[in-house]
Amino acid sequence: MNKLLEGKVAVVTGGGRGIGEAIARKLAGEGASIAVCDVMLENARQVAESLTQTGTKAAAYAVDVTDGKQVPEVCGKIVADFGRVDILVNNAGITRDNLLMRMSEAEWDLVLNVNLKGAFLFTKALVPVMMKQRSGAIVNIASIVGVRGNAGQANYSASKAGMIGLTKTVAKEYGKRGIRANAVAPGFIQTAMTDKLTDAQKKMQTDFIGLQRMGQPEDVANTVLYLASDLSSYVTGQVIGVDGGLII
Ligand code: NDP
């Protein structure tokens with residue numbers, strides 16, 4: 001049977017661990033070649049090496065997504081190494097939680113820079129490549145808190161709401177060039193990001209989830225696969241919740 005992404009090249013930011021790693025593995029499993037980008041080169045390298053061992057063409061790239069000089073340079077290297085880019089997954093993200101009254105300017109700037117500016121820089125660098133190909137799929141990893149807000153996460157919620165606005169705008173600007181852009185809004189997914197929470201906090205959260213459990217990185221990766229592949233060829237500018245029914 002033909003694989004969904006045979007011959008395609010995917011760039012995954014924050015691909016060294018967590019949801020990004022699961023996305024890289026999922027897309028590779030469907031035949032895509034993978035550029036694993038992460039601020040921690042060692043993690044990206046481990047993921048790329050293990051993909052290579054299973055027969056996938058993969059390479060690791062050290063990049064801080066906030067750096068307006070590094071991002072276009074790395075994207076240029078990726079295009080030189082792989083020849084094209086069909087899929088961009090803007091996944092790199094961080095939290096620096098605090099109540100707004102206590103939130104420092106540095107906490108605000110860092111989260112907005114990584115989560116939102118990073119997606120802007122990668123999109124800006126790779127849209128011209130996709131335009132030349134007259135096709136491309138961009139998938140932004142937002143969050144349900146970008147839709148509904150969250151106490152203690154003014155910076156993170158604003159960055160994720162911004163990603164949703166960015167997604168819709170890119171879908172409108174580049175649809176005529178064959179480029180689709182969609183966002184995934186995960187709920188409460190089991191990764192290092194949520195491992196920081198206490199058991200009591202986790203229980204409080206899962207009590208509100210329709211399916212009564214945290215999601216797994218693969219749950220997000222499955223939706224990314226749909227949005228990255230031709231299965232969603234008439235879907236653009238959308239935000240798909242992967243939250244076990246947390247928002248219904
Ligand atoms: P992790 O912290 O496990 O992974 C995030 C990855 O991004 C890490 O590899 C991290 O590198 C990398 N990263 C951080 N800063 C930068 C940077 N400046 N440049 C390049 N890479 C960077 O988080 P998750 O896997 O949980 O989250 C992935 C995405 O999913 C994020 O955008 C997050 O906001 C979103 N999300 C997660 C949810 C959850 O419940 N886990 C829910 C909703 C959305 P390093 O190892 O150095 O930290």
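For the rest of this paragraph, the subject is the overall build of the protein. In terms of regular secondary structure, the protein is built from nine helices and seven strands. For 248 residues, the compact-globule estimate of 2.2 N^0.38 gives 18 Å, and the protein sits close to it at 17 Å. Seen along its three principal axes, the alpha-carbon backbone of the protein occupies a region of about 45 × 40 × 35 Å. Counting across all 248 residues of the protein, residues that qualify as buried make up 48%.

There is a patch of nonpolar side chains on the surface, built from Val147, Val239 and Ile247 and spanning about 220 Å² of accessible area. Residue placement: Val239 occurs in strand β7 (residues 239-242).

A rise of 1.5 Å per residue sets the reference length of helix α3 (residues 70-82), with its 13 residues, at 18 Å; its end C-alpha atoms lie 18 Å apart and thus fit the reference within 8%. Against β1 (9-13), β2 (33-38), β3 (58-62) and α4 (105-133) lie the buried residues of α3.

A few words on the site of the ligand. Ile19, Asp38, Asn91, Tyr156 and Thr191 are the nearest of the 28 residues found near the ligand. Between the ligand and Asp38, the relevant distance is 2.6 Å, taken from an oxygen atom to a side-chain nitrogen or oxygen of the residue. In the model, a nitrogen atom of the ligand is placed 3.4 Å from a nitrogen or oxygen of the Val63 main chain. Relative to its unbound accessible surface of 890 Å², the ligand loses 91% to contact with the protein. Of all the elements in the fold, those that place two or more residues in the shell around the ligand are α1 (18-29), α6 (154-174) and α7 (192-195). Of the residues that constitute the shell around the ligand, the class distribution is 15 nonpolar, nine polar and four charged.

Oppositely charged side chains can pair when the atoms bearing their charge come close. Applying the stated rule across the entire model yields seven salt bridges. A salt bridge links Glu42 to Arg45; the shortest N-O distance between them is 3.8 Å. Placement of both Glu42 and Arg45 in helix α2 (residues 41-53) is noted, with a separation of three residues, approximately one turn of the helix. Glu42 gets classed as partly exposed once you look at its relative accessible area, which sits at 43%. Residue classification places Arg45 among the partly exposed residues on the basis of a relative accessible area of 38%. With a shortest N-O distance of 3.7 Å, Lys69 and Glu73 are connected by a salt bridge.

Even without glycine at this site, Arg134 takes up a positive phi of about 60°. Looking at where Arg134 falls in the secondary structure, it is placed in the loop between α4 and β5 (136-141). The exposure class assigned to Arg134 is exposed, which follows from its relative accessible area of 51%. Phi at Gln212 is positive, roughly 60°, even though this residue is not glycine. Mapped onto the elements of the fold, Gln212 is located in the loop between α8 (199-207) and α9 (217-228).

It is worth spelling out the state of the cysteines at this point. Following the criterion strictly, the structure yields zero disulfides and no others. Not part of a disulfide, Cys37 finds its nearest cysteine sulfur in Cys75, a span of 6.8 Å. With a relative accessible area of 2%, Cys75 lands in the buried category.

This brings us to the sheet that holds β2. Taken together, the seven strands give an open sheet; going across it, the order is β3-β2-β1-β4-β5-β6-β7, and neighbouring strands pair in parallel fashion. In the strand order of this sheet, the two ends are held by β3 and β7, each with one partner. Here the average twist between neighbouring strands, direction ignored, is 20°. Lying on the sheet, α2 is in contact with β2 and β3; it crosses β3 at an angle near 175°.

What counts as what
Residues numbered from 1 in each chain as written. Predicted model: local features only at pLDDT ≥ 70, side-chain atom pairs only at ≥ 80, totals over all residues. Heavy atoms only, no water. Helix = DSSP H or I, 4+ residues; strand = E, 2+ residues; numbered from the N terminus. Rg over C-alpha atoms; globule rule 2.2 N^0.38 Å. Buried < 20%, exposed > 50% of the residue type's maximum accessible area, 1.4 Å probe, protein only. Patch = residues over 30% accessible without salt bridge, like charges linked within 9 Å, V, L, I, M, F, W, Y side chains within 5 Å. Areas by Shrake-Rupley, 256 points an atom, 1.4 Å probe, with all protein chains shown as cover. Salt bridge = Lys/Arg side-chain N within 4 Å of Asp/Glu carboxyl O. Expected span 1.5 Å × (residues − 1). Contact = heavy atoms within 4.5 Å. Near = heavy atom within 4 Å. Polar contact = N/O pair within 3.5 Å; in protein donor to acceptor, adjacent residues only side chain to side chain. Nonpolar A, V, L, I, M, F, W, Y, C, P; charged D, E, K, R; others polar. Disulfide = S-S within 2.5 Å. Pairing = 2+ DSSP bridges. Axes fitted to C-alpha atoms, helices over the stretch in contact; angles between N-to-C directions.

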